[in-house]
Amino acid sequence: MLVGALAVVLLAGCASGEGSYQYHWPYFFNSIFHPDDQILYGLWLTLSISIVSQLIGVVLGVFGALGKMAKFLPFRLLANFYIWFFRGTPLLVQITFFFFGLSVAKIYTWPPIDLFGLHIEGEIQAGIFALGVNEGAYMSEIVRAGIISIDPGQLEAAKSLGMTYAQAMWRIILPQAARVIVPPLGNEFNNMLKTTSLLVIISVPELYTIFSRKQGQYFAPFEFFLAAAVWYLLLTTLWSIVQAWIERRLGKGAAGASANEPGLASRLLGYRWRTSGTGVR
Amino acid sequence: MSTIPRDILGAIGGVPKPPSEVVVQATDVNKWFGRLHVLRGISMTVKRQEVVVVIGASGSGKTTFIRCINHLEKIQSGRIFVNGHLIGYREVNGKLVEDRESNIARQRQEIGMVFQRFNLFPHKTALENIIEAPVHVRKIPVAEATETAKALLARVGLAAKADVYPAQLSGGQQQRVAIARALAMKPALMLFDEPTSALDPEMIGEVLEVMKELAREGMTMIVVTHEMGFAREVADRVVMMDEGQIIEEGTPEHFFTNPQQERTKSFLSKIL
Ligand SMILES: Nc1ncnc2c1ncn2[C@@H]1O[C@H](COP(=O)(O)OP(=O)(O)O)[C@@H](O)[C@H]1O
Ligand SMILES: [Mg+2]
């Protein structure tokens, strides 16, 4: 995208004449290399909202998955309804409904709260809530797929040793399912980093909102949106490095698997430097 | 039956074992999978330190029966007692009501089970597999559990493999770790479901050796196996199952020399 944009710029530059767009490159470069406090705050919000929302999503996903697989019918119905509802409606509608809908109807007005020394505005809370609950519905399916990929013999072995279902899940099944869950979870978080930009609709001053305001202020949409894209790319790229590291760590224990898992370079660049050796036997 | 003391909790864990000589008392156990009548009135008594080998054609209900003994399967009628405690159920006005999960879990602590496919926890080393339940179920301190686990590993001939993951062990080694894992809970009864049938022939011996030693040390065992050599050496009794029923029962010698039922004869002719 960046390369494409630059190509467009060069072409446009050659054809520049009367009435053509006047580029203000300092806007772009300063946004990247000398980000002001607004941008830094937006960056912090995007990152922190993403992390908290994803964590909520994972927790809800575990409950959603267990609920879907529960023997007790009401749990199954509840979980299915939850997943059906949040996957079946647009996230944008969920965000606006939770923030504007609930507060105007005085069901919940999202008052600011102070937590761990942080002052959290209502729109941020509503944003995290909507993103987390929405993500939980998608994570439910991912976690469920992870759990059912584990040999039922594992649960039986755990039970035969005197573990309860909850103990067996927590200590035996979920740690193994994590290996299956983490790759799609990583993709979910990559999406989450970008999806937080929807919170512009409820005026959360995250990265996109900040750049959107700046471009309006200076009327330089090209420079500022391009800068926003670069920041998002930076976040998602850093994440893919972290993700590769996590996946490698999870690989331990499954002999053979870890040795054959794609390394960092191949994950980032999309190919393998060298064919790795066969698994230990 | 009335002489068997009943614990209100229905649990064995933490309660001193009754002096009873009977470890397993199953009476008239019936089990259906949907419309399939898999266990048709099974009764069996296993005394302390007895080794009972269960044989029978595939599909005759052997696996289902021993899974009922630690309540991995529900039963529809009959009673199974282990050490005098009704397994998996409470009796309310003569009817079976499934027990609370925590009580069932406590009962299972006393019953070791070894599976055909080992079912070791692949994300844990051999040692971690063995200390998992003692530490997290019995709440034994890690240091103490580790010491016991190392002794058990030595006993099954795998002292050097403590820190190795299951996938790096051969089938025979995995099964020996699985036996050690079950023994770590100090069970009153060990159940084996065809423990050697998933193994390459050259590994069967090492697993049977461990089991024979266990039998000689006085462990109470129910073993589903077709290894008649094992039966001959250590079994007190062999039980032949067919279509959900016990059709013949006797000493190993009886089965080698003088089987009575036609089905038993034809089955033995296939495996011997
Ligand atoms: N979970 C199950 N659901 C339905 N039928 C089953 C299940 N497990 C076993 N069965 C059936 O019950 C019968 C007895 O099976 P099993 O106890 O495994 O026999 P064995 O161990 O003697 O080979 C077989 O007909 C088998 O197909
Ligand atoms: Mg079987």
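Visitor: What exactly am I supposed to notice about the overall build of chain A here?
Guide: The secondary structure content of chain A amounts to twelve helices and two strands. Its helices and strands taken in sequence order, chain A reads α-α-α-α-α-β-β-α-α-α-α-α-α-α from the N to the C terminus. Out of the 281 residues belonging to chain A, those deemed buried represent 41%. In chain A, 70% of the contacts between residues at least 6 apart in sequence involve partners at least 24 apart. With an accessible surface of roughly 15,300 Å², chain A has 69% of that area assigned to carbon and sulfur atoms.

Visitor: Is there a simple way to think about the interface of chain B and chain A in this case?
Guide: Interfaces are often sized by the accessible area lost when the parts come together. Contact residues are listed per partner, giving 27 residues for chain B and 24 residues for chain A. Between chain B and chain A, the buried area comes to about 2,200 Å², and carbon and sulfur atoms account for 56% of it. Applying the counting criterion to the chain B and chain A interface returns two salt bridges. Residue E156 of chain A is joined to R67 of chain B by a salt bridge in which the shortest nitrogen-to-oxygen separation is 2.7 Å. On inspection of chain B and its partner chain A, the count reaches eight residue pairs in polar contact (both at pLDDT 80 or more). Broken down by secondary-structure element, the contributors of at least two residues to the side of chain B that touches chain A are α2 (101-108), β8 (111-114), α3 (126-136) and α5 (171-183) of chain B.

Visitor: What is the right way to look at the sheet that holds strand β4 (residues 77-82) of chain B in this model?
Guide: The pairing of strands in a sheet comes from backbone hydrogen bonds and takes either a parallel or an antiparallel form. Residues and elements named next belong to chain B. Overall, antiparallel pairing links the four strands, which are arranged β2-β1-β4-β5 in an open sheet. Where the open sheet ends on each side, the last strands, each with one partner, are β2 (36-47) and β5 (85-86). Where strand β1 (residues 22-33) lies against β4, five bridges are found, and the strand directions are antiparallel. Its bridge partner being in β4, T27 is matched across the sheet by R79. Against the sheet, helix α1 (residues 62-69) engages β1, β2 and β4, with an angle of about 60° to β2.

Visitor: How do you make sense of unusual backbone geometry when you look at a structure like this?
Guide: With the exception of glycine, the majority of residues adopt a negative phi angle, and the majority of peptide bonds are in the trans configuration. Residues and elements named next belong to chain B. We note that D28 has phi near 50°; this positive angle belongs to a residue other than glycine. Within the secondary structure layout, D28 lies in strand β1. One non-glycine residue, E243, lies in positive phi territory at about 45°.

Visitor: Which parts of the structure should I look at to understand the site of ligand 1?
Guide: Residue and element names in this part refer to chain B. The environment of ligand 1 is formed by F33, L36, V38, A57, S58, G59, S60, G61, K62, T63 and T64. For ligand 1, an oxygen atom lies 2.6 Å from a polar atom in the side chain of T63. Take T64: an N or O atom from its side chain is 2.4 Å from an oxygen atom of ligand 1. Considering ligand 1 on its own, with 560 Å² of exposed area, one finds that the protein chains cover 59% of that surface. Take the shell around ligand 1: its biggest share by element is three residues, from α1. Here the shell around ligand 1 is composed, by residue class, of four nonpolar, six polar and one charged.

Visitor: Is there a simple way to explain the packing of α3 of chain B against α5 of chain B in this structure?
Guide: Residue and element names in this part refer to chain B. Where α3 meets α5, the closest approach of the two axes is 8 Å, and the angle between their N-to-C directions is 25°. Considering the angle they form, α3 stands roughly parallel to α5. Seen along the crossing, α3 lies across α5 with a hand that is right-handed. Of α5, the residues touching α3 (which contributes A126, N129 and I130) are V177, A180 and R181. Of the residues contributing to the contact of α3 with α5, the split by class is four nonpolar, one polar and one charged.

Visitor: I'm lost on the nonpolar core in this one. Help?
Guide: One broad rule of soluble globular proteins: the nonpolar side chains tend to lie buried together. Ranked by size, the top nonpolar core spans 53 residues in total, and within it F65, I69, L189 and I222 of chain B carry the most contacts. Sorting elements by how many residues they give to this core places helix α8 (residues 165-195) of chain A first, with eight residues. V53, V114, F192 and M221 of chain B belong to the second-largest nonpolar core, a separate cluster that totals 51 residues.

Thresholds applied
- Residues numbered from 1 in each chain as written.
- Chains lettered and ligands numbered in written order.
- Predicted model: local features only at pLDDT ≥ 70, side-chain atom pairs only at ≥ 80, totals over all residues.
- Heavy atoms only, no water.
- Helix = DSSP H or I, 4+ residues; strand = E, 2+ residues; numbered from the N terminus.
- Buried < 20%, exposed > 50% of the residue type's maximum accessible area, 1.4 Å probe, protein only.
- Contact = heavy atoms within 4.5 Å.
- Areas by Shrake-Rupley, 256 points an atom, 1.4 Å probe, with all protein chains shown as cover.
- Buried area = accessible area lost by both parts, 1.4 Å probe.
- Salt bridge = Lys/Arg side-chain N within 4 Å of Asp/Glu carboxyl O.
- Polar contact = N/O pair within 3.5 Å; in protein donor to acceptor, adjacent residues only side chain to side chain.
- Pairing = 2+ DSSP bridges.
- Axes fitted to C-alpha atoms, helices over the stretch in contact; angles between N-to-C directions.
- Near = heavy atom within 4 Å.
- Nonpolar A, V, L, I, M, F, W, Y, C, P; charged D, E, K, R; others polar.
- Parallel < 35°, antiparallel > 145°, perpendicular 65-115°, else oblique.
- Left-handed = near helix turned anticlockwise from the far one by under 90°.
- Core = buried A, V, L, I, M, F, W, Y, C linked by side-chain atoms within 4.5 Å.

So yeah, pure geometry; function would need other evidence.
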